Amino acid sequence: MCHSAGGTVARTLSAGLLLAGLAAGATQPPRLDPQLEEVLNAVRDGEFETMAAAIEGGMAVDAKAPNGMTALHVAAVLGRERFVAWLLEKGAAVNDPAQNGITPLNRASMGGHLGTMELLLEAGADVNAAARWGATPLLSAVDRGRTEAVRMLLAAGADPTVTAANGETALSLARAKQHQDIVALLSEDPETVRTEREAAADRRSSRADTHHRTGVAYDDAGDIRRAIESYRIALEQDPDDPLIRYRLGRALHRFGEREALVHLIEAVRGWEAAIEAGEELAPIVRPALEDACGVLAEAGRTDDAARCEAALAQSRR
């Protein structure tokens, strides 16, 4: 998005850009109404009188381009406060989303246009309105490193614990982008920090599950070395999952690796702890536990095998 309302930046917002985001594969983009195109171009070029005359002449203030953008959207992107104020006075819908769900406040937040943001918030902009992928104005401001915009949004009631579709929170995104001022600002709230940790754990669990499933697919296909690679990656993401440890240990055992027993023992301990905590084992776990017991017994790990059998017996009660 744009970093200022001036010169080169404004000229880049051509009619072509305004039509961006249309359905892929369309042979002909939807035609933009000539009068609306004139208005949008006037906002882009800073020609206030041209825009005002067209709307005063009868064009709807919320007329939309095929991608859902209105004059208010374009003015918000560029931080044109005079245009925003006038459009709002004429009844422009402050929370009207574009085709991708982005609202004018989200667009203004991306650019860090504080004056425009203030006008939109005073007009009732939803500070937590989310685009289709879950990005709120706060997440957009964090992504672009707009510290003062983040501060303004938080003061207006933005929820820093909202999680986007990709699992990012405002704090995790600030850390990833290395926006240290924003990290410090967001870290002042304990709930924000707690939510970030939970979201990070969820992301790791999701990645672990993906690599685990990939490993199982390689295992079933007989490509044990690739299965081992996938299980190792899964275990890095979720070292506390006994089933992943079992899968890795069993795969390594096929090559006679001594490391296999370490993983099988850890898997048994993990299931043992779950059983003692009163958790019911998933149907897939019991045969895996039985198999682990057998491997440990064959390897001469008498104590570990006995412990495994005890856990198995307890799980059947």
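Our structure is the block above this text.
Student: I'd like to hear about the overall build of the protein chain, residue by residue, with values.
Tutor: From N to C terminus, the protein chain includes 18 helices and 0 strands. Here the C-alpha atoms of the protein chain give a radius of gyration of 28 Å, more than 25% beyond the 20 Å that 2.2 N^0.38 yields for 317 residues. Looking at the protein chain as a whole, 47% of its 317 residues qualify as buried. Pairs at least 24 residues apart make up 64% of the contacts formed inside the protein chain by residues separated by at least 6 positions. Per element, the accessible surface of the protein chain, about 15,600 Å² overall, is 47% carbon and sulfur. Charged side chains in the protein chain number 34 positive and 47 negative. The centres of these two groups are separated by 4 Å.

Student: Explain the environment of A217 to me, and be specific about the residues and the numbers.
Tutor: Mapped onto the elements, A217 comes out in helix α13 (residues 190-221). Assessed through its relative accessible area of 46%, A217 is described here as partly exposed. Residues A217 and R247 lie 30 residues apart in sequence; the distance between their C-alpha atoms is 12 Å.

Student: Quick one: what's the story with helix α4 (residues 48-56), residue by residue and with numbers?
Tutor: For α4, the set of buried residues is F48, M51, A52, A54 and I55. On an axial view of α4, the arc spanned by its buried residues comes to 165 degrees, and they lie on one face. Seen from the buried face of α4, the exposed residues on the opposite side, beyond 90 degrees, are E49, A53 and E56. In this fold, the buried residues of α4 make contact with α3 (34-45) and α6 (81-89). Positive phi shows up at G58, right after α4, with a value of about 125 degrees.

Student: Which residues make up the packing of helix α5 (residues 71-78) against α6, and what values do they have?
Tutor: Packed helices, taken two at a time, are described by the angle their axes make and the gap between the axes. The interhelical angle for the contact between α5 and α6, taken along N-to-C directions, is 155 degrees, at an axis separation of 9 Å. By the angle between their axes, α5 is roughly antiparallel relative to α6. Seen along the crossing, α5 lies across α6 with a hand that is left-handed. Within the contact between the two elements, α5 uses A71, L72, A75 and A76 and α6 uses F83, V84, L87 and L88.

Student: Please give an account of α5 that cites residues and values.
Tutor: Across the 8 residues that make up α5, a large majority, 8, are buried. Turning to α5, its buried residues are A71, L72, H73, V74, A75, A76, V77 and L78. Positive phi shows up at G79, right after α5, with a value of about 70 degrees.

Student: Break down the nonpolar core for me, with residues and values.
Tutor: Within soluble globular proteins, side chains that are nonpolar generally end up buried alongside one another. Ranked by internal contacts, the top residues of the largest apolar core, which has 55 residues, are M51, I55, L87, L120, V142 and L153. Ranked by residue count, the leading element in this core is α5, at 7 residues. Sequence-distant contacts of L87, defined by excluding residues within four places in its chain, comprise M51, I55, V61, A71, L72, A75 and A92.

Student: Give me the pattern of salt bridges: which residues, what numbers.
Tutor: Within the structure shown, the criterion is met by 16 salt bridges. In this structure, R82 and E49 form a salt bridge, with 3.9 Å as the shortest nitrogen-oxygen distance. With R82 in helix α6 and E49 in helix α4, this residue pair connects regions lying 33 residues apart in the sequence. E49 shares its class with R82; the two are exposed. D143 is the salt-bridge partner of K177, the closest N and O atoms lying 3.2 Å from each other. Residue K177 is located in helix α11 (residues 170-177), and its partner D143 is located in helix α9 (residues 137-143); the two are separated by 34 residues in the primary sequence. For D143, a relative accessible area of 28% gives the class partly exposed. Connected through shared salt-bridge partners, D143, R144 and K177 make up one network.

Student: Summarise the packing of helix α15 (residues 242-253) against helix α16 (residues 259-276); cite the residues concerned and give the values.
Tutor: The interhelical angle for the contact between α15 and α16, taken along N-to-C directions, is 155 degrees, at an axis separation of 8 Å. Relative to α16, the element α15 lies roughly antiparallel. When the axes of α15 and α16 are compared, the crossing they make is left-handed. Contacts between α15 and α16 involve P242, L243, R245, Y246, L248, G249, R250, L252 and H253 from the first element and E259, A260, H263, L264, E266, A267, G270 and W271 from the second.

Student: Any chance you could break down the environment of D303 for me, citing the residues and the numbers?
Tutor: Among the structural elements, D303 can be located in helix α18 (residues 302-315). On the accessibility criterion, D303 (65% relative accessible area) is exposed. With 266 residues separating them in the primary sequence, D303 and E37 have C-alpha atoms 79 Å apart.

Student: I'd love a proper account of the side chain of N106, names of residues and values included.
Tutor: Among the secondary structure elements, N106 is positioned in helix α7 (residues 104-111). Overall, the relative accessible area of 1% leaves N106 in the buried class. A distance of 2.4 Å separates the side chain of N106 from the side chain of S140, its partner in a polar contact.

Thresholds, definitions, all that
Residues numbered from 1 in each chain as written. Predicted model: local features only at pLDDT ≥ 70, side-chain atom pairs only at ≥ 80, totals over all residues. Heavy atoms only, no water. Helix = DSSP H or I, 4+ residues; strand = E, 2+ residues; numbered from the N terminus. Rg over C-alpha atoms; globule rule 2.2 N^0.38 Å. Buried < 20%, exposed > 50% of the residue type's maximum accessible area, 1.4 Å probe, protein only. Contact = heavy atoms within 4.5 Å. Areas by Shrake-Rupley, 256 points an atom, 1.4 Å probe, with all protein chains shown as cover. Lys, Arg positive; Asp, Glu negative; His and termini not counted. Charge placed at Lys NZ, Arg CZ, Asp CG, Glu CD. Arc of directions from axis to C-beta. Axes fitted to C-alpha atoms, helices over the stretch in contact; angles between N-to-C directions. Parallel < 35°, antiparallel > 145°, perpendicular 65-115°, else oblique. Left-handed = near helix turned anticlockwise from the far one by under 90°. Core = buried A, V, L, I, M, F, W, Y, C linked by side-chain atoms within 4.5 Å. Salt bridge = Lys/Arg side-chain N within 4 Å of Asp/Glu carboxyl O. Polar contact = N/O pair within 3.5 Å; in protein donor to acceptor, adjacent residues only side chain to side chain.

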